[in-house]
Each structure stands twice: as structure tokens, then as C-alpha cells.
Amino acid sequence: MSALAEIQPYVEAFKARPPVPEPSWLVQRRDGAIRRFSELGWPTRKQEAWRFTDLRPLQKSSFPPAAAAGDATEADVAPWRYPNAAHRIVLVDGAFVPALSAIGTLPKGAWLASTSQTLHERPELLEPALRETDVLGGQAFVSLNAALFADGFVLALEPGIALDGAIEIVHLGRAANRSAQLRNLILLGPNSRATLIETYAGAGAYWTNAVGVVGIGIGAVLRHVKLQDEDEAAIHFGHNRIELGRDARYENFTLSLGGRLARTDIHLKLDGEGAACGLYGATLLRDEQEGTIATVVDHAAPHGTTREYFKSVAADRAHGVFLGTIGVRPQAQKTDANQLSKNLLLSRRAAIDTKPELEILADDVKCSHGATVGDLDEAALFYLESRGIPVAEARRMLIEAFATEVIERIEDDAVLRAHLSRHVARWLAAGIAR
Amino acid sequence: MLEIGNLHARIADGREILKGVDLAVKAGEVHAIMGPNGSGKSTLAGVLSGKPGYEVTEGQVLYEGRDLLAMPADERARAGVFLAFQYPVEIPGVNNMYFLRAALNAVRKQRGESEMDAGQFLKAVRAKLKLLEIGEDLLQRGVNVGFSGGEKKRNEIFQMAMLDPKLAILDETDSGLDIDALQMVSRGINALRGPDRAIVMITHYQRLLNYVVPDRVHVLSAGRIVKSGDAALARELEETGYGAYGDAA
């Protein structure tokens, strides 16, 4: 297919959308976004940020947006249920499903609802956040999302509101050769606090294209977890843009297990003095899975802190990519940033590309980065075997140890650590070839 | 139980280290293999336990009449062969208890015994921990992670006690131990002596043999057993050194 032919189904789908009454500012932005998408087309491997990502699974089919939520029951959600959730929103094929959702009592000043409901009832919340997001990172996926999105979730907290219980968002994909274009928004007012567990899962060869805009006000704290456990035939793109105000904190953990082709982009800007972010994650890949984690951290104010640690495991013929950029602007003195990428290759046919990068324009900073790629420790493997543990189980134990080490870095939340470790164990129990 | 005949083995760089080892160990016996540095002691332990990096070029090893060398390392262990490591490996992220239970259940399964549940396992662990004076807190860590040298060696004997092997090969278990730890480890080994078990202790020094008195002592030199005797041979070596057996040091 030519580049134009590849994107044509999406342009057609945009034109063919059923008429929905929407504010005029949104109609204009959608028109602008589809134009921009048409100009951009899919990224190519000539673009540095997309050099290592093989987009063929996306390009060889087309995935127009699903018309409505497919059938799904409690049983379909159950494997990913977060044990401690106080509120739950379930979206199926990109659309909110009230029957599977359960939003608990919220304090005054807290808003948690689907994006579609928010558009109806609180459009003023969405308007500023949708202003320029179609050019986020210059990527076609975000423009396409801005044109086509129908739903997602919105969390908005007024100043000082702290939500104690975790909010769980489950995105289920069910419709083969269809896409879910999700637009999510998180706005934390000054000194507010929340924990959000987002899970992406499903069954079949669908495409999830999620874009999230996250604003964390002065002194506010967000713990944001993403469990990407899409069907191994599915495609997943998740882009989050995060801005941190003064003394704000963002703690992210991304566990990526699924997807034929999966990519998580995190663009984070420390905009206020003393802001801090922790970006952690583990990616497990097998068969012919393609998995990319791409992070861009922009230190735009002094005294910012970044702790970044991503691990990946590639078995069989899988391909993992880590792209990590930390930029420190001239005014961002006293920045303290470090970044580490550790990778485990389990097969000769597996591959991992890792590209940590620092761009430092301030002179009084403490920044470091590092990357390793290795295979399983032969001495440890023999030690386990010498005690009678079958070699496949010994390998599984060592891979699990490698992946869970980064999960153990999550502070003050044993339930969350156990939840993520359980999914790692489940993934490993399904087995890998060599 | 163990019959080694004309065993030749070389290491990865092609050097031949074992040059025709002959040794027979019966159930119930404790043998000591002594020798100077570089005589092939650790290579022998490695070959018997199935450690990668060695190539057997000639000879055979029979364990209970089976071809031991044809068995992968994990299978040997499940068949009752245990190696106490000279340098126990640290495995961060693999919990000691979890590791030990996986090992024990693998061995029990092989023997046709049922898997132990967490309660039974803990009971068995506590009984053996006492024997070696190992604190229960050590078992909550990663395998050997943060253990002192002595704790690592005691942990090896503790694992041996848990896994209840038929043939135990102890590779330099005495090295790096102070006298208290040496006595503790010796007590552990002596407690495991029995009519159904054979123990092969590989050591450079005689001092372990003061506490664990062997039935037979062999001198390994330049890849061959050059002399065998009873416990008196070990004492003799302590006095004369390995000078007569090719150790210039």
C-alpha cells in the first residue's frame, strides 16, 4: 500500500462519522487534526523517534474506529481487576460502559467521568486541554486521535482534594480490525493527590490508540500506573503528555506485557521549580512482539528531580526498544536526574535497541544515565539447576527476579507491587520458547 | 554408589585437567579428596555435578549404576547428587525460601513423594535451621544475598540437609571459615552421615578432617589420584605438605 492509501481509510472514517452535536471549538479542532494527520501520514524510520519501531502490523491493515462498545461482561474484566480500587471506569472498544463501571462516592471538588459525559456536562474542563494536543510530539497518532476520539476518562481534582482509594480504568479491546481512539485527561489542582491504575487489555486483532493529557498543579501528587496487557495480536499506542507545576510529583510505572506491536510514549515537562518525577517500568516480550518505551523528560525549571529506570526482557524473536531523552534547559539549574535502562536478551534471535540520551544546557546539574544488555547469569542458572530445579523453571525464576526488581522500587504500596508481580508471574507461566 | 573410571576432562581453553581419575565410593562412606592447588579438585567437583564449561574426553562415571555424565545437572540433583559450592552464587530477587521450596518439591516429585505445603515446609526448615544456627531472617532474603562467607557455607550444608541427597560432594566447604563456623559446618556434615549416604569432601587443608573423620583419603595430583589411605594419610600430609605430589608452593 502506498503511504496515502494507508491513511485513506482513516480520513474516510472521519468524513463518515455520524453527526454528533459538539461545541464548535471541538469541531474546528477535529477538522484541523485530520488535516494535519493527512499531511503527516504514518511516521517513517527516517524519523529518529521511530527509527527502531516496525510499523508494518499497523500499515498492512486498516483499523477504522469501532462504532460502539462490543459485548463484554464482568468475566472479561475480572482478570485485570485491581484489588483495592475505590472507583472503576470500564471502556470497551473506546466507549464508556456504565454497566461495568462503578464510581464510588467522590468528595466535593472531585470529578471522575467518561470523556463523553464530561464534554456534555463540563466542556470547560476539556477545552483548554484539547487546545494544542494534536501536535504533541508532532506525531500522526496523536493528530488522528484528536480527530477521531469519542471517549476516554477525565479525572479533575480541585485544590487540596486527596483521593484515598485507587481509581481503576480498564480499557478493553474486543473488535477485530477496529480501533479505539481514547482521549484521557487528568487535571490535579494544587496540593491534590490521586492514584490511578490504567489497564489496557482485550481479545483479538484490534488497535488501541490512547492519548492522555496530564496536568499536575503546585504540590500535587499523582501515582499513575499503566498495565499494558493487550492481546498478542493487537496493536497498542499510548501517548501521555504530562506537565508538572512547582513541587509537584509524578510517579509512573508502566508494565508492558502484551501487543503484537506496542508503544508507550511519555512526554513530561517539569515546569515548576522543585518538581519531581519517577518513571519506572518493565517490558516483557516474546514470540514476535515489538515493544517500545519512549520517554522525553524536559527540565524547564530549577531543582527538578528525575528518577528513571526501565527494564526489558526479549525472548524468542521479539524486539524491544527503549528511547529515553532527558533535557535540561539553561534555567533548570540544580537538576538532579538519572536514567537507567537494563535489558535481558533470552534468545539469539531476539533484539533490543536502547538509546539513553542527555541534553544538558545548564551547568550546575547532577545527571547520569546508563544502559546494559545481557543474558541470564550462567552461574545463577547452574546454581538453581544443581538443586534439582528444572532448567525451564530456573530460567523463569531468574527472569521473574529481573523484572520484579524494578517493581520492588515502588514505595509504600504492597498491594500495587503484588498486583504487578502477579501479572509478571502470569505472563511467565504462559511460557516462552527459546 | 559412585564409580569413576579413567576420567579425563578438559576446560574451555583445551587444557586437560583430569588425566585418568579412578575412584569408587560406597554408600555409608565418607571420602576426602585432597590435593595441591591446580591438581583438578574443583574440576572433578564440576564434572560430577554437571557444571557447564568442562568436556569429558575419556572414561566414565557411574552413579548407582547409571551413566551420570549423560544426565543434565538438574536431573542429577533430583536423582540425589548434591554439590556444596566453593563459592555459593548470589541470586538477587530470588527469595531463599521460595528457591528452597521449589528445589525440595522438584526432588520430592522425582522420588514420588507429595509436594510440601507452606506449613509442612516451614516446619522442616525450622528443624534444620537449628542444626546450623542459621537465623530465619536470612531465608527472607535473596539467595545468598548479603550473607557473610560463613553464612554462605552454612547455607550450603543447610540446603544439603533439606534436600537429603544420596551423594554429597563438598567442594572446599572449609575454605574461608573461622573455627566456630568450621565446627558448626562439621556438626552439620556429621549429622548427615548415614549408612545410605556417601559424602565426598574436596579440600586443600586437613583441618576439616579433624572434625569430620573420613573413611578414606585420596591425594589428587596433576589430574590423577596418586595415593589413597585412611584418615592417617591426611595427618601425614599436614606434616609433610604436598611437596612430594608436585606442588612447588
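Going by the structure above, here's the rest.
Residues numbered from 1 in each chain as written. Chains lettered and ligands numbered in written order. Predicted model: local features only at pLDDT ≥ 70, side-chain atom pairs only at ≥ 80, totals over all residues.

## Structural notes on the overall build of chain A
1) Next: From N to C terminus, chain A includes 10 helices and 19 strands.
2) Next: For 434 residues, the compact-globule estimate of 2.2 N^0.38 gives 22 Å, and chain A sits close to it at 21 Å.
3) Next: Within the span of chain A, comprising 434 residues, buried residues form 54% of the whole.
4) Next: Within chain A, residue pairs in contact and separated by at least 24 positions form 83% of the contacts whose partners lie at least 6 positions apart. (Helix = DSSP H or I, 4+ residues; strand = E, 2+ residues; numbered from the N terminus. Rg over C-alpha atoms; globule rule 2.2 N^0.38 Å. Buried ≥ 20, exposed ≤ 12 C-beta atoms within 10 Å, placed from the backbone. Contact = placed C-beta atoms within 7 Å.)

## Comments concerning the overall build of chain B
1) Next: Summing up its helical and strand segments, chain B has 8 helices and 12 strands in all.
2) Next: What you see for chain B is a C-alpha radius of gyration of 18 Å, in line with the 18 Å of a compact globule of 249 residues.
3) Next: Projected onto the principal axes, the alpha-carbon positions of chain B cover approximately 55 × 40 × 35 Å.
4) Next: In chain B, buried positions account for 43% of the 249 residues.
5) Next: Taking all contacts inside chain B whose residues are at least 6 apart in sequence as the whole, residues at least 24 apart take part in 72%.

## Things to note about the interface of chain A and chain B
1) Next: Tallying the contact residues gives 19 residues for chain A and 19 residues for chain B.
2) Next: Listing elements by their share of the side of chain A that touches chain B, those giving two or more residues are α8 (378–385) and α9 (391–407) of chain A.
3) Next: Of the residues forming the side of chain A that touches chain B, the biggest block, 8 residues, is contributed by α9 of chain A.
4) Next: Here the residues of the side of chain A that touches chain B sort into 11 nonpolar, 3 polar and 5 charged. (Nonpolar A, V, L, I, M, F, W, Y, C, P; charged D, E, K, R; others polar.)

## A short note on the sheet that holds strand β6 (residues 81–84) of chain B
Hydrogen bonding along the main chain pairs the strands of a sheet, whether they run parallel or antiparallel.
Residues and elements named next belong to chain B.
1) Next: Sheet architecture is open: 6 strands sit in the order β6-β9-β10-β3-β11-β12, paired in mixed fashion. Single-partner strands in this sheet number two, and they are β6 and β12 (224–229). Each strand axis lies, on average, 20° off the axis of its neighbour in the sheet, ignoring direction.
2) Next: Looking at chain direction, strand β3 (residues 30–34) and strand β11 (residues 216–221) are connected through 4 bridges and run parallel. Among the inter-strand pairings, Ala-32 is bridged to a residue of β11, identified as Val-217.
3) Next: Together, β3, β6, β9 (167–171), β10 (198–203) and β11 form the strand contacts of helix α1 (residues 41–49), whose direction differs from that of β9 by roughly 145°.
4) Next: Across the sheet, helix α8 (residues 231–240) touches β3, β11 and β12, and the angle it forms with β11 is around 45°. (Pairing = 2+ DSSP bridges. Axes fitted to C-alpha atoms, helices over the stretch in contact; angles between N-to-C directions.)

## Structural notes on helix α2 (residues 24–40) of chain A
All names here are of chain A.
1) Next: For α2, built from 17 residues, the straight-helix expectation of 24 Å at 1.5 Å per residue is met to within 8% by its first-to-last C-alpha distance of 24 Å.
2) Next: Along α2, the residues classified as buried are Arg-29, Ala-33, Ile-34 and Phe-37. All buried residues of α2 project into a common sector of 135° when viewed along the axis, lining one side. Turned more than 90 degrees away from the buried face of α2, the exposed residues are Ser-24, Val-27, Gln-28, Asp-31 and Glu-39.
3) Next: Gly-41 sits one or two residues past α2 and shows a positive phi near 65°. (Expected span 1.5 Å × (residues − 1). Arc of directions from axis to C-beta.)

## Quick word on the environment of Met-201 of chain B
Residue and element names in this part refer to chain B.
1) Next: As for its placement among the helices and strands, Met-201 is situated in strand β10.
2) Next: In sequence terms Met-201 and Arg-235 are 34 residues apart; their C-alpha atoms lie 15 Å from each other.
3) Next: Contact partners of Met-201, with chain neighbours within four places excluded, come to Val-30, Ala-32, Leu-170, Thr-173, Leu-208, Val-212 and Pro-214.

## Focus: the nonpolar core
Nonpolar side chains in soluble globular proteins tend to be buried together.
1) Next: By size, the foremost hydrophobic cluster in this structure holds 200 residues, and its most contacted members are Leu-155 and Val-313 of chain A together with Ile-169 of chain B.
2) Next: If near-sequence neighbours (up to four positions away) are discounted, Ile-169 of chain B is found in contact with Ala-45, Leu-48, Ser-49, Phe-82, Leu-83, Val-200 and Ile-202 of chain B. (Core = buried A, V, L, I, M, F, W, Y, C linked by C-beta atoms within 7 Å.)

## Observations concerning the pairing of strand β14 (residues 290–299) of chain A
All names here are of chain A.
1) Next: Most of β14 sits inside the fold, with 9 of its 10 residues counted as buried.
2) Next: Of the pairings in the sheet, the one linking strand β12 (residues 261–270) to β14 comprises 10 bridges and is parallel in character. Pairing of Ile-266 across the sheet is with Thr-295, part of β14.
3) Next: Of the pairings in the sheet, the one linking β14 to strand β16 (residues 319–328) comprises 10 bridges and is parallel in character. Within β16, the position partnered with Thr-295 by the bridge is Gly-324.

## With respect to the sheet that holds strand β19 (residues 366–374) of chain A
Residue and element names in this part refer to chain A.
1) Next: Strand order in the open sheet made by the 10 strands is β2-β1-β5-β7-β9-β11-β13-β15-β17-β19, with mixed pairing throughout. Each edge of the open sheet is held by one strand with a lone partner, namely β2 (95–96) and β19.
2) Next: Summarising the sheet, strand β1 (residues 85–92) and β2 pair through 2 bridges and their orientation is antiparallel. Across the sheet, the residue bridging to Leu-91 is Phe-96, located in β2.
3) Next: With respect to the sheet, α9 is in contact with β13 (276–285), β15 (305–314) and β17 (336–345), its orientation differing from that of β15 by roughly 165°.

## Here's the deal with the pairing of β12 of chain A
Residue and element names in this part refer to chain A.
1) Next: β12 sits mainly inside the fold: 10 of its 10 residues count as buried.
2) Next: Along β12, one buried face is formed by Leu-261, Arg-263, Asp-265, His-267 and Lys-269 and the opposite face, lined by Ala-262, Thr-264, Ile-266, Leu-268 and Leu-270, is buried too.
3) Next: With 10 bridges joining them, strand β10 (residues 235–244) and β12 adopt parallel strand pairing. Bridging from a neighbouring strand, Glu-243 pairs with Lys-269 of β12.

## Observations regarding the environment of Ile-225 of chain B
Residues and elements named next belong to chain B.
1) Next: By the element assignment, Ile-225 lies in strand β12.
2) Next: A count of 19 C-beta atoms within 10 Å places Ile-225 in the partly exposed class.
3) Next: If sequence neighbours within four positions are ignored, Ile-225 has contacts with Val-21, Asp-22, Leu-23, His-218, Val-219 and Leu-220.

## Some points on the environment of Met-184 of chain B
All names here are of chain B.
1) Next: Take Met-184: it is sitting in helix α6 (residues 179–192).
2) Next: Separated by 52 residues in the primary sequence, Met-184 and Leu-132 place their C-alpha atoms 6.1 Å from one another.
3) Next: Contacts of Met-184, omitting those with residues within four sequence positions, involve Leu-132, Glu-133 and Arg-154.

## Description of the packing of helix α5 (residues 149–163) of chain B against α6 of chain B
Residue and element names in this part refer to chain B.
1) Next: Contact pair α5 / α6: the axes reach a minimum separation of 10 Å and the direction vectors enclose 10°. Between α5 and α6, the interaxial angle falls into the category roughly parallel. Along the contact surface, α5 presents Gly-150, Lys-153, Arg-154, Ile-157, Met-160 and Ala-161, while α6 presents Ala-181, Met-184, Val-185, Gly-188, Ile-189 and Leu-192.
2) Next: Class assignment for the residues of the contact of α5 with α6 results in 8 nonpolar, 2 polar and 2 charged. (Parallel < 35°, antiparallel > 145°, perpendicular 65-115°, else oblique.)

## A few points about unusual backbone geometry
1) Next: Despite not being glycine, His-303 of chain A shows a phi value in the positive range, around 60°.
2) Next: Considering the arrangement of structural elements, one finds His-303 of chain A in the loop between β14 and β15.
3) Next: In this structure His-303 of chain A comes out as partly exposed when scored by C-beta crowding, with 18 C-beta atoms within 10 Å.
4) Next: Of note in the backbone geometry, Glu-64 of chain B takes a positive phi value of approximately 50° without being a glycine.

## Let's talk about the packing of α9 of chain A against helix α10 (residues 414–429) of chain A
The description of two packed helices rests on the angle between their axes and on the distance between the axes.
Residues and elements named next belong to chain A.
1) Next: Remark: α9 packs on α10, axes separated minimally by 10 Å, with the N-to-C direction vectors making an angle of 155°. Classed by the angle they form, the pair α9 and α10 counts as roughly antiparallel. Read as a crossing pair, α9 and α10 show a hand that is right-handed. Here Arg-396, Ile-399, Glu-400, Ala-403, Thr-404 and Ile-407 of α9 lie close against α10, whose contacting residues are Arg-417, Leu-420, Ser-421, Val-424, Ala-425 and Leu-428. (Left-handed = near helix turned anticlockwise from the far one by under 90°.)

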